[in-house]
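In case you want the letters, here they are:
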Amino acid sequence: VISLNETDFDSKARERYRRRGFFGNPDTPKKVILNELAHRLTPSLGDFALMFICGMITGLTIWFDLPPLLLAVFAIFPFLGSFFGFLIGLTTGSFGFAAKAFVNFLITGVSFFLGAFLIGYAAGGRFTLDNSFLLNAVQPSSLLLFIAAVSTILALVRLVTRQDRLPEKFSTAAFTAAWLPLGLAGFLLGTG
């Protein structure tokens, strides 16, 4: 009788699971916990799709000058574990994981940009650049940057101290300062 744990497929799956963590062979309880955290910080295909949808909603917000639509963006904004994975990967010395997390973070940004670009392309020449809400909202302000910095610190603290939950809302607040200008750039580039 062959055990299911000894099949070739199972050993390949276990190998893939080990490669996704900070440490290839965790030999201490601390390394095991960090590897579990690494798996929670790795984004899925659904996260990239949600960022694309967020970019589209941001583009619609700019096109029709409807600030309440931004609430929908913040409501469905996914947890950006790849950013925090990059930071924690650098901290733990797992530079391979940090590089993978950084690439995932770039893909997330491109997804958001493309969503806004697509709506900008649809708007085409029908959009006129005026003194809309979002053009004023994306101006860098010290308060917005302070809120983003504090939210990033709170998200990192919550990640490390509470392994049972992800700090989604801290993540959303932390990236407000960065994502709105990126959405505006994608939309305006799409309009030409």
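Read on for a plain summary of the structure. (Residues numbered from 1 in each chain as written. Predicted model: local features only at pLDDT ≥ 70, side-chain atom pairs only at ≥ 80, totals over all residues. Heavy atoms only, no water.)

1. A closer look at the overall build of the protein chain
Tallying secondary structure elements over the protein chain gives nine helices and zero strands in all. What you see in the protein chain, going N to C, is helices and strands ordered as α-α-α-α-α-α-α-α-α. Counting across all 192 residues of the protein chain, residues that qualify as buried make up 38%. Within the protein chain, counting contacts between residues at least 6 apart in sequence, those at least 24 apart form 73% of the total. (Helix = DSSP H or I, 4+ residues; strand = E, 2+ residues; numbered from the N terminus. Buried < 20%, exposed > 50% of the residue type's maximum accessible area, 1.4 Å probe, protein only. Contact = heavy atoms within 4.5 Å.)

2. Topic: the side chain of Ser94
Its location among the elements puts Ser94 in the loop between helix H5 (81-92) and helix H6 (95-123). The contacts of Ser94, once residues within four sequence positions are left out, are Phe22 and Gly89.

3. A word on the environment of Ala185
With respect to the helices, strands and loops of the structure, Ala185 is situated in helix H9 (residues 168-191). A sequence separation of 72 residues divides Ala185 from Phe113, and the C-alpha atoms of the two residues are 7.7 Å apart.

4. Brief notes about the environment of Ile53
On the secondary structure map, Ile53 appears in helix H3 (residues 45-64). Taking the relative accessible area as the measure of exposure, Ile53 reaches 38% and is therefore partly exposed. When the C-alpha positions of Ile53 and Gly115 are compared, they lie 6.3 Å apart, and in sequence the two are 62 residues distant.

5. Concerning the nonpolar core
Nonpolar side chains tend toward joint burial in soluble globular proteins. With 26 residues, the main nonpolar core has Leu41, Phe77, Leu80, Phe84, Leu159, Phe175 and Trp179 as its most contacted residues. For this core, the elements supplying multiple residues, two or more each, are helix H2 (29-41), H3, helix H4 (69-76), H5, H6, helix H8 (142-161) and H9. Residues Ile62, Ala123, Leu184 and Phe187 belong to the second largest nonpolar core, which totals seven residues. (Core = buried A, V, L, I, M, F, W, Y, C linked by side-chain atoms within 4.5 Å.)

6. Describing the packing of aromatic side chains
Two numbers describe a pair of aromatic rings. These are the distance of the centres and the angle of the planes. Counted according to the given criterion, the structure contains eight aromatic pairs. When the ring of Phe79 is compared with that of Phe84, the centres are 5.7 Å apart and the planes differ by 5°; the resulting orientation is stacked. Here Phe79 falls in the buried class, since its relative accessible area comes to 10%. Phe84 sits in the buried class, given a relative accessible area of 0%. (Phe/Tyr/Trp six-rings, centres within 6.5 Å; stacked < 30°, edge-to-face > 60°.)

7. Looking at H5
Taking 1.5 Å of rise per residue, 12 residues should cover 16 Å, and H5 covers 16 Å from first to last C-alpha, within 8% of that figure. Taken together, the buried positions of H5 are Gly81, Ser82, Phe83, Phe84, Gly85, Ile88 and Gly89. Looking one or two places after H5, you find Gly93, whose phi comes out positive at around 85°. (Expected span 1.5 Å × (residues − 1).)

From the geometry alone we can't say anything about function, so treat these as descriptive.
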